[in-house]
Amino acid sequence: MGQYKNCLNTEKSVSLESEELEETHGLERQTLFPEKTWWSVLFCQNHRRYPHCLCQTVVTSAERLSDMSKEVKPESVSLCPLDTAAAPVPELLCIFGTGDLGRSLGQRLLQSGYRVVYGSRRPHSCGPLPQGTQVMSHAAAAQSASLVFICIHREHYDVLETLAPELKGKVLVDVSNNLKKNLYPEANAEYLQRLVPGAHVVKAFNTLSAWALQNGPSDANRQVYLCGNSADAKQTVTEIATKLGFTALDRGSLSAARELEDFPLQLFPEWRLPLRLALGLTITFYVYEVVRDVVYGYVHQGKDISFRMMVSLPNKVFPTVSLIMLTLCYLPGVIAAFLQLYRGTKYKRFPDWLDRWMLCRKQLGLLALGFASLHVLYTLIIPIRYYVKFRIADSTVSQGKLNKTLEFDTTMAWRTDSYYAMGILGYAVYLLLGITSLPSVSNALSWREFSFIQSKLGYLTLFLCTFHTYLYGWNKFLIPYYYKWYTLPTYMLSLVLPSVVMVLRLLLLLPCVDRTLTRIRQGWERTDPEDDSKKSLLT
């Protein structure tokens, strides 16, 4: 310890340069800077190794500090020890309710860096909770946090009324939902605000499931809708939702809570019209085919071919419905284009029925792809059907008995190969349209890429599938046998709508029409001659 007995630095040691101090005594300079007074403190680095060291802190005045700073090299930097700044304490959030949603929400909050405390009616027997959380009574939990998640059913809101003093001034996030629409005269969040008038109620997180909270947001479940009367409270909830990885969407005041509570109760709201249309078309064409094939064969030929109702008839109905629904995806766009040409502007609203039709085009296309996939599967099993095997064997035996051979028909070979080729190509582009309509894929595409696939390749798909159907019919329209009971075959009925759409689309591609339509969609408006005459009279 002898070499450190002079570590008690005097006023003389202060005048030494910082490098000389470090080399001679192993001293480190730190700067503490209050608002107006600066102090330089010298510490012996060997003090910890030698507990009997006489090193003491030497404090100099602000004037001596300024003189000393002149001798320090400009490259030197004053550092503050890390242990002097306390680590920030994570924010504490409270959750009322220890059910599936409450546990999943608590687990997600812990993973995002929050502290969580649960409020329960039975703190000692509430079941397993995420590790790292606390559980206590409702009153104690409410007093410990400034924000409380209400993860209990509306039937148990009465307990919150008794906690009104503890919840006063706090943010209450209502995540409840009802089993049916219009079950109560007012929304749950509005009822909660009436029970606890001193709190700031925010409706949020009710559109998320426990699974989504536990596993994190996905492309299909990334948005958190919220509403409330307090802007500061909504901002607090927005920050929490963002930290959890979700996107918060403000829907306005608390009066919008009923609309948010109705969201989880909706069962495929965007799919209702397409599903009804698909079901109606399927039933209609299936009954139509049963009458034309099964009933007609039994009445006129005395044959029982009811077995065809399982594979043969559905394999005629599925492609028919698929082609019609694919056409219905592009027909509203054609109608809208001609409507804009007629009006001479794009700033007039489309009719409501056309708006609803255009909004469900994605669902129509996906259902059409589903029916096309069923047609592919039913076609693949044709060679293994008993009826087909029997017909092939019977034909072969009959030809052998008669000692006859069939000549190779080149025209029929071209027809069948072209028919299958168009079907394969059409289904391949069909799949591409379906894949790009998925949110995870469409979000990765630019608007130009998405528009090219859904518009240009969409019409190509419609053309290939329509041509595929024409090749299937070939010259059947010339044979009277196919007009049973003077009715048209199903494939002919399916060709009417796509043929009309293709012709109208070709008209829109004419240079004179396309040029005018492009100008309208860029903002140009055609003036009305009557308006021009009125303006000229006024001037």
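Bear in mind that the values here come from a model prediction, so they are computed numbers and not experimental data. (Residues numbered from 1 in each chain as written. Predicted model: local features only at pLDDT ≥ 70, side-chain atom pairs only at ≥ 80, totals over all residues. Heavy atoms only, no water.)

Asker: For the UniProt feature "transmembrane region" (unreviewed entry) in the protein chain, give the residues involved together with the corresponding values.
Answerer: Per the UniProt entry, the sites bearing "transmembrane region" (unreviewed entry) are residues 317-342, 363-388, 419-445, 457-475 and 495-513 in this numbering. Secondary structure across residues 457-475 comprises 89% helix and 0% strand; the distance between its end C-alpha atoms is 29 Å. In residues 495-513, the share of helix is 89% and the share of strand is 0%. The end C-alpha atoms are 26 Å apart. (UniProt positions renumbered as here; feature names shortened; annotations may be inferred. Helix = DSSP H or I, 4+ residues; strand = E, 2+ residues; numbered from the N terminus.)

Asker: Tell me what's going on with the pairing of strand 8 (residues 200-204), and back it up with residues and numbers.
Answerer: Counted residue by residue, strand 8 has four buried out of five residues, so it is predominantly covered. As paired elements, strand 7 (residues 171-174) and strand 8 share four bridges and run parallel to each other. Looking at strand 8, one finds that Asp 174 is bridged to Lys 203. One ladder, built from three bridges, connects strand 8 with strand 9 (residues 223-228); its direction is antiparallel. (Buried < 20%, exposed > 50% of the residue type's maximum accessible area, 1.4 Å probe, protein only. Pairing = 2+ DSSP bridges.)

Asker: Describe the packing of helix 13 (residues 312-343) against helix 15 (residues 361-380), listing the residues and the values that go with them.
Answerer: Packing of helix 13 against helix 15 brings their axes to within 8 Å, and their N-to-C directions diverge by 155°. The angle between the axes of helix 13 and helix 15 places the two elements in the roughly antiparallel class. Crossing angle aside, the handedness with which helix 13 passes helix 15 is left-handed. Contacts between helix 13 and helix 15 involve Pro 314, Asn 315, Phe 318, Pro 319, Val 321, Ser 322, Met 325, Leu 326, Leu 328, Cys 329, Pro 332 and Gly 333 on the former and, on the latter, Arg 361, Leu 364, Gly 365, Leu 367, Ala 368, Phe 371, Ala 372, Leu 374, His 375, Tyr 378 and Thr 379. Split into classes, the residues belonging to the contact of helix 13 with helix 15 amount to 16 nonpolar, six polar and one charged. (Axes fitted to C-alpha atoms, helices over the stretch in contact; angles between N-to-C directions. Parallel < 35°, antiparallel > 145°, perpendicular 65-115°, else oblique. Left-handed = near helix turned anticlockwise from the far one by under 90°. Contact = heavy atoms within 4.5 Å. Nonpolar A, V, L, I, M, F, W, Y, C, P; charged D, E, K, R; others polar.)

Asker: Give a description of the pairing of strand 6 (residues 147-150) that names residues and reports values.
Answerer: Along any regular strand, the residues point their side chains to alternate faces of the sheet. Here strand 6 shows a buried face lined by Leu 147 and Phe 149 and a second buried face lined by Val 148 and Ile 150. Note that strand 3 (residues 92-96) and strand 6 share three bridges and pair parallel. Across the sheet, residue Ile 95 finds its bridge partner in strand 6, namely Phe 149. Relative to strand 7, strand 6 runs parallel, the two being bridged by four bridges. Each residue of the ladder has a partner; that of Leu 147, found in strand 7, is Val 171.

Asker: Mind laying out the sheet that holds strand 10 (residues 247-250), listing which residues take part and the relevant values?
Answerer: The eight strands lie next to each other as 5-4-3-6-7-8-9-10, forming an open sheet whose pairing is mixed. What marks the edges here is a single partner per strand, and that holds for strand 5 (134-136) and strand 10. Within the sheet, the average angular offset between the axes of one strand and its neighbour, ignoring direction, is 30°. When strand 3 meets strand 4 (residues 115-119), the two strands line up parallel, connected through five bridges. Residue pairing in the sheet places Phe 96 in a bridge with Gly 119 of strand 4. Strands in contact with helix 4 (residues 100-111) are strand 3, strand 4 and strand 6; relative to strand 4, the strand with the most contacts, it is inclined by about 160°. Strand contacts of helix 8 (residues 188-195): strand 6, strand 7 and strand 8, with the helix running at about 165° to strand 8, the strand carrying the most contacts.

Asker: With reference to specific residues and values, describe the nonpolar core.
Answerer: One finds Val 321, Met 325, Leu 326, Trp 357, Leu 364 and Tyr 430 to be the most contacted residues of the largest nonpolar core, which totals 48 residues. If you list the elements that add at least two residues to this core, you get helix 12 (272-301), helix 13, helix 14 (352-359), helix 15, helix 17 (410-436), helix 19 (447-473), helix 20 (490-508) and helix 21 (511-521). Examining the composition of this core, we find that 15 residues originate from one element, helix 13, more than from any other. The contact partners of Val 321, leaving out residues within four places of it in the chain, are Ala 278, Leu 281, Thr 282, Phe 285 and Phe 371. Formed by 29 residues, the second largest nonpolar core is a distinct cluster that contains Val 117, Ala 145, Ala 187 and Tyr 225. (Core = buried A, V, L, I, M, F, W, Y, C linked by side-chain atoms within 4.5 Å.)

Asker: Got a sec to walk through the pattern of salt bridges? Specific residues and values, please.
Answerer: Applying the stated rule across the entire model yields ten salt bridges. Close ionic contact of Asp 100 with Arg 103 constitutes a salt bridge, the shortest N to O distance being 2.6 Å. Linking Asp 100 with Arg 103, this pair stays in helix 4, spanning three residues, or about one helical turn. Asp 100 sits in the exposed class, given a relative accessible area of 52%. The residue Lys 203 makes a salt bridge to Asp 174 at a minimum N-O spacing of 2.9 Å. Of this pair, Lys 203 sits in strand 8 while Asp 174 is found in strand 7, placing the two residues 29 residues apart along the sequence. You can call Asp 174 buried: its relative accessible area is 0%. Look at the salt bridges and you will find they share partners, linking Asp 174, Lys 203 and Glu 261 into a network. (Salt bridge = Lys/Arg side-chain N within 4 Å of Asp/Glu carboxyl O.)

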